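Listed below, chain by chain, are the residues.
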Amino acid sequence: MDKQRSGVLILDGTPRVVVVVARSLSKRGIPVTYGHFSSSAQSAGSVAVSTNIRLSDNPEDFPEQVSNVIEREHIDTLVPCSDKAIRAILPTYASLKQKVALSIPDPTIVNKVLDKEYALSVADRCGIRIPRTLSITSVDDLLARSPELGFPLIAKPSNAGRPSSFKTVYFDSFEDLSSIIDREPAFGVGNIFQELIHGEGVGVSTIMYRGAPLALFQHRRIHEWPASGGVAVFMESEPLDTDLAQSTVRLLQAISWEGPAMVEFRRTQTGQYVFLEVNGRFWGSLPLAVKAGIDFPYLEWQILHGSAPTVPAAYKQRLRVRWTAGEIRRLRELWSSVEARRRTGCTRGKALLEFIASFAPGVRSALFNIGDPKPGVAEVVGELSGISFGLLARIIPRSIRRRYRQYKQLNKRSRGAYLRLWFARMFGLRNARRLRRLSSVSSILFVCSGNIIRSPLAAALLRASIHDPSKFHIESAGTHVAAESQIDPRALQFAQGLGITIKGEPQDITEEVARKSDLIVVMDYVLEAEVLTRFPFVKDKVFLVHEWTLGNPSDLEILDPDKESEPEFSRSLVRLRDAVTQLGQLLATRQ
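Okay, so let's go over this structure.

What counts, and where the lines are drawn
- Residues numbered from 1 in each chain as written.
- Predicted model: local features only at pLDDT ≥ 70, side-chain atom pairs only at ≥ 80, totals over all residues.
- Heavy atoms only, no water.
- Helix = DSSP H or I, 4+ residues; strand = E, 2+ residues; numbered from the N terminus.
- Buried < 20%, exposed > 50% of the residue type's maximum accessible area, 1.4 Å probe, protein only.
- Contact = heavy atoms within 4.5 Å.
- Areas by Shrake-Rupley, 256 points an atom, 1.4 Å probe, with all protein chains shown as cover.
- Pairing = 2+ DSSP bridges.
- Patch = residues over 30% accessible without salt bridge, like charges linked within 9 Å, V, L, I, M, F, W, Y side chains within 5 Å.
- Salt bridge = Lys/Arg side-chain N within 4 Å of Asp/Glu carboxyl O.
- Lys, Arg positive; Asp, Glu negative; His and termini not counted.
- Charge placed at Lys NZ, Arg CZ, Asp CG, Glu CD.
- Axes fitted to C-alpha atoms, helices over the stretch in contact; angles between N-to-C directions.
- Right-handed = clockwise from strand over helix to strand, strands pointing away.
- Expected span 1.5 Å × (residues − 1).
- Polar contact = N/O pair within 3.5 Å; in protein donor to acceptor, adjacent residues only side chain to side chain.

Notes on the overall build of the chain
In terms of helices and strands, the chain carries 24 helices and 20 strands. When the 591 residues of the chain are sorted by exposure, 53% land in the buried category. Across the chain, the fraction of contacts at a sequence separation of at least 24, relative to all contacts at a separation of at least 6, is 67%. Accessible surface, the chain: about 26,300 Å² in total, of which carbon and sulfur atoms supply 50%.

Listed below in structure tokens is the structure:
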């Protein structure tokens, strides 16, 4: 390994794993590059990832591509975070080992873990209970072995080292299984069939170092997706079961495993543990372990670099973590699938209550971080886009749905500003009256979209509410002004009813106008993000109209009423009048 290198290449993986690994290393000053096989990688939005690189799906291209990345980005460590990444590395393991440190052991050992049948046989030899498992190769074989089968059962790919179109398939009856093998004889080849073990999922995580566990961490799965058994979406750290930990270590030692691993079990109602599989890489529940105090990614980096890691003596127990996107997937499945509800015995109402419970006080998010919000938000936004409006309306508050629609209508550059401002307000980090002294304001610009209703009316209202308007330069502009547009007649009529006159013609906001304004008042969050993206230099003087309203209203926006009918249109303008009047009073008292 080249001593001049210092970066880490994280190869593929889900955001909840990749981002956690990246954050762990980045906060210690270790540069992180993310290499992925997907055309849209959400993890690339993390501030912890310095470089994002798309890799070819063609295995023949991988060796040259990854070698180029290693040289160009000065990589000294490679961390695969998916089975696909491991499969890509294995054929070129020897040559990569000469260039970088790898967080997986020799291919002969890795293949033992990828081979589920082999791992099951080792667990059985170690005295660990395993599910009843069969390999079926044809319909004739199925008929011959039907007395051995018990239902329900599940099918899994027998080897994670080979690509597969599914992870698990459930069969409730002999007829279900025989029909799919009759239609697809090759289905039985390369798959294993296991009895369905009822109970809750439990995982024991560790890093094996020189044949011994460096640290051990145990968690249970409160919710899974798919709901009848799958990845953890709501999980809790729990005390380490000594016997289970010993079984885990004994199994990994028998395989000669070195590096990170998570061993999955199912805990039955009688308290027995049944082995399911070994994940020979960083695992989906990693955020829980890190938040509980066991920073597995940094421990592994220290080992790979010959440092003596400091391992915590204990971790925080009964800590709960929610993978929000996974909870949405689980709720969507239970809401829309009769089969999923039948299999789990969960009604729609119960599913909704369980979803809400995962947001209880004290539950932490697996992915969201106020200092690095984009990966978590992007993943949740992606999930929400797949939910029907009816379900969304029942689950997500109206204000959040509106935020989501606003976020989607912005361009990519403006979305970042939108999110930063949203979360700054959410956590009380932005207050208009604290950030801006009105005593220094003499030029005020109101901004809306078309400059035909809200902003020209606001400018007229402010002129009328100030005792000596000659002390101020007040004007309005729009971000998307249509050619030859005119002030909306309804806004003119509203102003006339108040005894005031709207002056001027619609105009676009320009850099010159923005620079000479001491205070820029926008009508909604979309406009705020657009103005700050186009003119970053005005960041300290752009505020929403209701941020100056006494009492700090929860809804700071005056949305565009252009498509509204009465009385909603007039209500919007009344709210605008009240907000501008209070701004005028504040200006008058601070001159």
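Now that the structure has been shown, we can carry on.
Some thoughts on the pairing of strand β10 (residues 200–209)
Within β10, eight of the ten residues are buried, which leaves it mostly tucked inside the rest of the structure. By the bridge criterion, nine bridges tie β10 to strand β13 (residues 259–267) in an arrangement that is antiparallel. Its bridge partner being in β13, Ile207 is matched across the sheet by Pro260. In this sheet, strand β11 (residues 212–225) lies alongside β10 in antiparallel orientation, the contact comprising seven bridges. Paired with Gly203 across the two strands is His219, which belongs to β11. The turn joining β10 and β11, which pair antiparallel and follow one another in sequence, is formed by two residues; a positive phi near 55° is taken by Arg210.

What to know about a negative patch on the surface
On the surface, Asp560, Glu564, Glu566 and Glu568 cluster together into a negatively charged patch. On the secondary structure map, Asp560 appears in the loop between β20 (542–544) and α24 (568–589).

Remarks on the sheet that holds strand β4 (residues 75–80)
Read from one edge to the other, the open sheet built from five strands follows the order β3-β2-β1-β4-β5, with strand pairing classed as parallel. Looking along the sheet, the strands with just one partner apiece sit at the ends: β3 (51–54) and β5 (101–102). Bridge count for β4 against β5 is two bridges, and the pairing is parallel. Paired with Thr77 across the bridge in β5 is Ala101.

Quick notes on the sheet that holds strand β18 (residues 473–478)
What holds strands together in a sheet is hydrogen bonding between their backbones, with the strands either parallel or antiparallel. Pairing is parallel in the open sheet, where four strands are placed in the order β18-β17-β19-β20. Unpaired on one side and paired on the other, β18 and β20 mark the two borders of the sheet. Shown here is a sheet whose adjacent strand axes are inclined to one another by a mean of 25°, direction ignored. Looking at chain direction, strand β17 (residues 443–448) and β18 are connected through six bridges and run parallel. Pairing of Phe446 across the sheet is with Ser476, part of β18.

Some thoughts on the pairing of strand β2 (residues 32–36)
Along β2, five of the five residues are buried, which leaves the element largely enclosed by surrounding structure. The alternating pattern of β2 places Val32, Tyr34 and His36 and Thr33 and Gly35 on opposite faces, both of which are buried. Taken together, the four bridges between strand β1 (residues 7–11) and β2 define a ladder with parallel strand orientation. Residue pairing across strands places Leu9 opposite Thr33, the latter belonging to β2. As a crossover connection, the stretch from β1 through helix α1 (residues 15–26) into β2 is right-handed. Where β2 lies against β3, four bridges are found, and the strand directions are parallel. Bridging from a neighbouring strand, Gly35 pairs with Ile53 of β3.

A closer look at unusual backbone geometry
Geometrically, the link from Trp225 to Pro226 is a cis peptide bond, its omega value of 0° lying close to zero. Take Pro226: it is sitting in the loop between β11 and β12 (231–237). Here Asp12, not a glycine, exhibits a phi torsion of approximately 60°, which is positive. Within the fold, Asp12 resides in the loop between β1 and α1. On the basis of relative accessibility, which here comes to 13%, the residue Asp12 falls in the buried class. The backbone phi angle of Ser256 is positive, close to 70°, even though this residue is not glycine. Counting through the fold element by element, Ser256 comes out in the loop between α9 (242–255) and β13. Overall, the relative accessible area of 38% leaves Ser256 in the partly exposed class.

Side note on α9
With 14 residues, α9 ought to run about 20 Å at 1.5 Å a step, and its terminal C-alpha atoms sit 20 Å apart, in line with that. Listed as buried for α9 are Leu244, Ala245, Ser247, Thr248, Val249, Leu251, Leu252 and Ile255. Buried-residue contacts for α9 involve α5 (107–114), α6 (116–125), β10, β11, β13 and β14 (273–279). The N-terminus of α9 is capped by Asp241, whose side-chain oxygen sits 3.0 Å from the backbone nitrogen of Asp243. Two residues or fewer past α9, Ser256 is found with a positive phi of approximately 70°.

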